[in-house]
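Spelled out from the first residue to the last, the chains are:
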Amino acid sequence: MQTRDPKVQEIKELVDFLPCLYNDIQPISEWGGGKDETTGMIQMPWPKYDDRVAAFFKAVSRECWCDYEYVDKHAEKMLRDHELIRSATIDQIKTMLTYCTRGERFCSGHWAAMIEQGHIRRLLERLQVILLVQE
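Residues numbered from 1 in each chain as written. Predicted model: local features only at pLDDT ≥ 70, side-chain atom pairs only at ≥ 80, totals over all residues. Heavy atoms only, no water.

Student: Would you take a moment to explain the pairing of strand 1 (residues 28–35) for this structure?
Tutor: Two faces, one strand: in a regular strand the side chains alternate between the faces of the sheet. Direction of pairing for strand 1 relative to strand 2 (residues 42–49): antiparallel, over a ladder of 6 bridges. Counterpart to Glu 30 in the pairing with strand 2 is Lys 48. Once strand 1 ends, the chain turns through 6 residues before running back antiparallel as strand 2, passing Gly 40 with a positive phi of about 80 degrees. (Pairing = 2+ DSSP bridges. Helix = DSSP H or I, 4+ residues; strand = E, 2+ residues; numbered from the N terminus.)

This is the structure:
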């Protein structure tokens, strides 16, 4: 299923997150879960994300940023290829952003890892270049 490309305003919305995601931020404000001392029950831990991180991933979860076939395109491998990212198309960026977003469903803390490892920064910097060309 092919989704529409993001509009200029939708690209700008993501690019505007660049400074707030990379200026003195801890993506995870705290971890929930663990052992409840009163009941002795153990609940799997989960990250409580900074509001800015949650807002970014909410924005990037919109239909225009989704690639439903991201698994088949080896998105994780694409993210490790910095040269590819520097020249990535909107479709390739959508693939990688979908991987970054959906990974949290399978691995708690995935969003934080994508930010801390610089993947989100590189994708947003590429979108910034694309935005300059489109304006």
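Student: Looking at this model, I keep getting lost on helix 8 (residues 119–134). Mind explaining?
Tutor: Given 3.6 residues to a turn, an α-helix orients residues that are three or four positions apart in the same direction. The end-to-end C-alpha distance of helix 8 is 23 Å, a good match for the 22 Å that 16 residues give at a rise of 1.5 Å each. Buried within helix 8 are the following residues: His 119, Ile 120, Arg 122, Leu 123, Leu 124, Arg 126, Leu 127, Ile 130 and Leu 131. (Expected span 1.5 Å × (residues − 1). Buried < 20%, exposed > 50% of the residue type's maximum accessible area, 1.4 Å probe, protein only.)

Student: Would you explain the packing of helix 1 (residues 8–15) against helix 8 in this entry?
Tutor: If you want to describe how two helices pack, look at the angle between their axes and the distance between the axes. With their axes 9 Å apart at the nearest point, helix 1 and helix 8 run at an angle of 145 degrees to one another. Crossing of helix 1 over helix 8 shows left-handed handedness. In contact with Val 8, Ile 11, Lys 12, Leu 14 and Val 15 of helix 1, helix 8 contributes Leu 124, Leu 127, Gln 128, Leu 131 and Gln 134. Of the residues in the contact of helix 1 with helix 8, the class split is 7 nonpolar, 2 polar and 1 charged. (Axes fitted to C-alpha atoms, helices over the stretch in contact; angles between N-to-C directions. Left-handed = near helix turned anticlockwise from the far one by under 90°. Contact = heavy atoms within 4.5 Å. Nonpolar A, V, L, I, M, F, W, Y, C, P; charged D, E, K, R; others polar.)

Student: So what exactly am I meant to see when it comes to the nonpolar core here?
Tutor: Inside soluble globular proteins, nonpolar side chains tend to come together where they are buried. Ranked by internal contacts, the top residues of the largest apolar core, which has 39 residues, are Phe 56, Ile 120 and Leu 127. When residues of this core are traced back to their parent elements, those giving at least two are helix 1, helix 2 (18–22), helix 3 (51–59), helix 4 (75–80), helix 6 (90–102), helix 7 (110–116) and helix 8. Residue contacts for Ile 120: discarding those within four places in its chain leaves Leu 21, Tyr 22, Phe 56, Phe 57, Leu 97, Cys 100, Met 114 and Ile 115. (Core = buried A, V, L, I, M, F, W, Y, C linked by side-chain atoms within 4.5 Å.)

Student: Just checking my understanding: could you explain helix 6 for this structure?
Tutor: Look at helix 6: 18 Å from first C-alpha to last across 13 residues, which is about the 18 Å you get at 1.5 Å a residue. Summarising burial for helix 6: 10 of the 13 residues are buried, a large majority. Within helix 6 the residues assigned to the buried category are Ile 90, Ile 93, Lys 94, Thr 95, Met 96, Leu 97, Thr 98, Tyr 99, Cys 100 and Thr 101.

Student: What should I look at first to understand the pattern of salt bridges in this one?
Tutor: Pairing is possible between side chains that carry opposite charge, provided their charged atoms lie close to one another. As enumerated under the stated definition, the model contains 8 salt bridges in all. With its nearest N and O atoms 2.7 Å apart, the salt bridge here joins Glu 10 to Arg 4. Owing to a relative accessible area of 15%, Glu 10 belongs among the buried residues under this scheme. Owing to a relative accessible area of 42%, Arg 4 belongs among the partly exposed residues under this scheme. Among the ionic pairs, Lys 12 bridges to Asp 16, the shortest N-O distance being 3.2 Å. Taking relative accessible area as the criterion, Lys 12 reaches 32% and is therefore assigned partly exposed. (Salt bridge = Lys/Arg side-chain N within 4 Å of Asp/Glu carboxyl O.)

Everything listed here is a matter of coordinates, which is why it stays silent on function.
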